[in-house]
Amino acid sequence: MNQTGSDNKYNLTLGAKSQKWHEKAVLGGLTLNGLFAVVVVVAVFGFLLQKGLPALQEIGLKEFLTSSRWMPTSPNPGYGALSMIVGTLMVSVAALVVAVPWGVGTAMFLAEVAPGKIREFIKPTLEILAGIPSVVIGFIALVVVAPWVARTFGLSNGLTALTGALMLGVMALPTIVSISEDAFKAVPNEYRDAALALGATRWQTMIRVTFPAARSGIIAAIMLGFGRAVGETMTVLMATGNSLALPMQEFWGIKIPNYLASIRTLTATIAIEGLDVPWGSLHYRSLFVLGAMLFVLTFVINFVADIVLNKAQGGE
Amino acid sequence: MVKPEQLRNGKKLHISEMLGYGILLLFALSSVAVLVYFIGSIASRGLSSISWTFLTEVPRVGMTEGGIMPAIVGTIYVSLLTLAVSVPLGVGSAIYINEFSSQGLFNRIIRLSIRNIAGVPSIVFGLFGLGLFVAGMKLGQSLLAAAFTLGLMTYPVIVTTAEEALKAVPQSFRDGALALGATRWQAVRHQVLPAAIPGMATGAILGLGRAAGETAPILLTGAAYFLPRLPQGVTDQFMALPYHLFILATQHNQISVVRPLAYGTALVLLALVLLLNGAAIAIRLYYRKSKQW
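Residues numbered from 1 in each chain as written. Chains lettered and ligands numbered in written order. Predicted model: local features only at pLDDT ≥ 70, side-chain atom pairs only at ≥ 80, totals over all residues.

1. Considerations on the overall build of chain A
A tally of regular secondary structure across chain A gives 13 helices and four strands. In terms of C-alpha radius of gyration, chain A reaches 26 Å, well past the compact-globule figure of 20 Å for 316 residues. Here the C-alpha coordinates of chain A stretch approximately 90 × 65 × 35 Å along the principal axes. For chain A, the proportion of its 316 residues judged to be buried stands at 47%. Across chain A, contacts joining residues at least 24 apart in sequence account for 74% of those joining residues at least 6 apart. (Helix = DSSP H or I, 4+ residues; strand = E, 2+ residues; numbered from the N terminus. Rg over C-alpha atoms; globule rule 2.2 N^0.38 Å. Buried ≥ 20, exposed ≤ 12 C-beta atoms within 10 Å, placed from the backbone. Contact = placed C-beta atoms within 7 Å.)

2. Section: the interface of chain A and chain B
At the junction of the two partners, chain A supplies 68 residues and chain B supplies 70 residues. The element that contributes the greatest number of residues to the side of chain A that touches chain B is helix H2 (residues 12-59) of chain A, accounting for 17 residues. Tallied by class, the residues present in the side of chain A that touches chain B amount to 45 nonpolar, 18 polar and five charged. (Nonpolar A, V, L, I, M, F, W, Y, C, P; charged D, E, K, R; others polar.)

3. What to know about the nonpolar core
Among the nonpolar cores identified, the biggest contains 186 residues, and Val91, Val136, Phe139 and Ile176 of chain A together with Val78, Leu245 and Ala266 of chain B are the most heavily contacted of them. Top contributing element to this core by residue count: helix H7 (residues 143-167) of chain B, with 16 residues. Among residues more than four places away in sequence, those in contact with Ile176 of chain A are Ala99, Val100, Gly103, Val104, Ala221, Ile222 and Gly225 of chain A. (Core = buried A, V, L, I, M, F, W, Y, C linked by C-beta atoms within 7 Å.)

4. Focus: the pairing of strand S4 (residues 254-257) of chain A
Every other side chain in a regular strand lies on the same face of the sheet, so the side chains alternate between the two faces. All names here are of chain A. Across four bridges, strand S3 (residues 248-251) lies against S4 in antiparallel orientation. Looking across to S4, one finds that Met248 is bridged to Pro257. Linking two consecutive strands that pair antiparallel, namely S3 and S4, is a turn of two residues; a positive phi of about 55 degrees is found at Trp252 within it. (Pairing = 2+ DSSP bridges.)

5. Let's talk about the packing of helix H4 (residues 69-100) of chain B against helix H9 (residues 184-213) of chain B
All names here are of chain B. Where H4 contacts H9, the axes come no closer than 9 Å and their chain directions differ by 140 degrees. Taken together, the axes of H4 and H9 are oblique relative to one another. Like other packed secondary-structure pairs, H4 and H9 cross with a definite hand, here right-handed. Here Thr75, Val78, Ser79, Thr82, Leu83, Ser86, Val87, Val91, Ile95 and Glu99 of H4 lie close against H9, whose contacting residues are Val188, Val192, Met200, Ala204, Gly207, Leu208, Ala211 and Ala212. Residue composition of the contact of H4 with H9, by class: 12 nonpolar, five polar and one charged. (Axes fitted to C-alpha atoms, helices over the stretch in contact; angles between N-to-C directions. Parallel < 35°, antiparallel > 145°, perpendicular 65-115°, else oblique. Left-handed = near helix turned anticlockwise from the far one by under 90°.)

6. Focus: H4 of chain B
Between the first and last C-alpha of H4 of chain B there are 45 Å, a value that for 32 residues agrees with the 46 Å anticipated at 1.5 Å per step. Where H4 of chain B bends most, at Ser86 of chain B, the angle is about 30 degrees, and the proline Pro88 of chain B comes one to four residues later. (Expected span 1.5 Å × (residues − 1). Bend = angle between axes of the 7 residues up to and from the residue.)

7. Some words on the confidence of the model for chain B
Atomic detail in the predicted coordinates should be set aside for any region of low pLDDT. Residues and elements named next belong to chain B. For chain B, per-residue confidence averages 88 on the pLDDT scale, and residues scoring 70 or more make up 95% of the total. Model confidence for chain B, summarised as mean pLDDT per element, is weakest for helix H1 (residues 4-10) at 48 and strongest for H7 at 94. In the model output, the complex is listed with pTM 0.89 alongside ipTM 0.90. (pLDDT = per-residue confidence, 0-100.)

As structure tokens, then:
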């Protein structure tokens, strides 16, 4: 009784009651808003499938994945995306060859070696590098890197897979550095102290103790860097020449990728053809198939990287 | 007593180790070199194209003369409209995730979705925007369709930075308000949010920089090849700096003639984006230093 009495005296009670409705409404709205991210992911994928699946049924997955004849506007149309898939993988893998040693080395330096001042200098540098619009990087590829590639390898045209890969490597760098650095920092200090106490040098500690302990975070960093490279559009569009020929060459009887050939990525194809294609045509819907491929690829990469990162943080 | 410092530095560095440290230093410094080289190569060749006329006039004679004013204004329009879409949605999501949702599976799914949106290729958003906003909702290629598309793209940036800002507000702010009889929403609305505003502003500026520099999504949803006037409303097409640079660099029929204009456009775009990112970094540093708690 006493409690109820004091509650009644407390004249906020009435206000709180009417507030409850208000509060509930706000909470409901916020919950819906929280769900927005899920809705977007489902909507984008659902939309790509809704437009793409009928085209996939009509054309057949086999043609998409195994033919390199992409001629959607020809009277005898072909929808083989093999060259683009090969091109996308070529530039992205080569970008990693550039960015992984560079990025993981930089991260190791920042987390384990660098004095505060150098770190304060390099970290914003990477942030600024990450902020440069991809179209500007593509322009630099066009006017600076492509002529250099042409001169160095004696080509008439420097717009090659190599040119695109070099630029993508630079673009994947900030992602790889920042996530690898977090991975190094997450290694408990006891590990380092124990190794040092056992007589290891700092270098030995770093290479044989800290680096293996940070491994899963570094793997996640590499995956996310790869995802970034696969999805990049403007840079490869401007740097790789966009030829649809399969970029392979014979080397002692084996077919190997030719990095001095022009390639065209999946992303570039959507950018080039998306504007002119008549809405609703088979060609239009086949672009959604390419979009769905990219979506699935980046989704899987992000999903697995997320699991790896979660394990890295929860483990030990 | 042996200090840890002596243990680390007491031993002579092996030559191979010195080499190792040298390589790491080289890796780290080369990113600085690349950045300087990138900015330098644009600035050194673009600076001579920048003039008052270049910044304030419309393109003339098939874009071989005149300025880039409509592209600058178009980029500002579309970026601000983008923020109008992404900031309310992003801040609301961040408030829900950080202040109200329980840390369960539901929360994890939301976070995973946000990270995945950030990972979806920009051209896929462009394609989605083309299919849904331009063709499906019949907005046509317009400022509005482009802003919706870019809004979805910049949403993860806004959520992530807004969440960081909310996390930085001490728990005592919430506890104090709740102890005084405020409801959870009142505590958030009147105590937590005001304290988080500077951090959220940083996120909004970062989002602005991101929207201003994106090309692939607006390429399919609203950027005009050539439009020597300002957009009159949100259903108009617009010129934009990144798309204009792309055209001058690769699509124009007199590429060598317009090369100086391309350099100038690249420099203006680069300066705009770097200025926005720099402002965001500066605000963050300022508030980190002057924070009262």
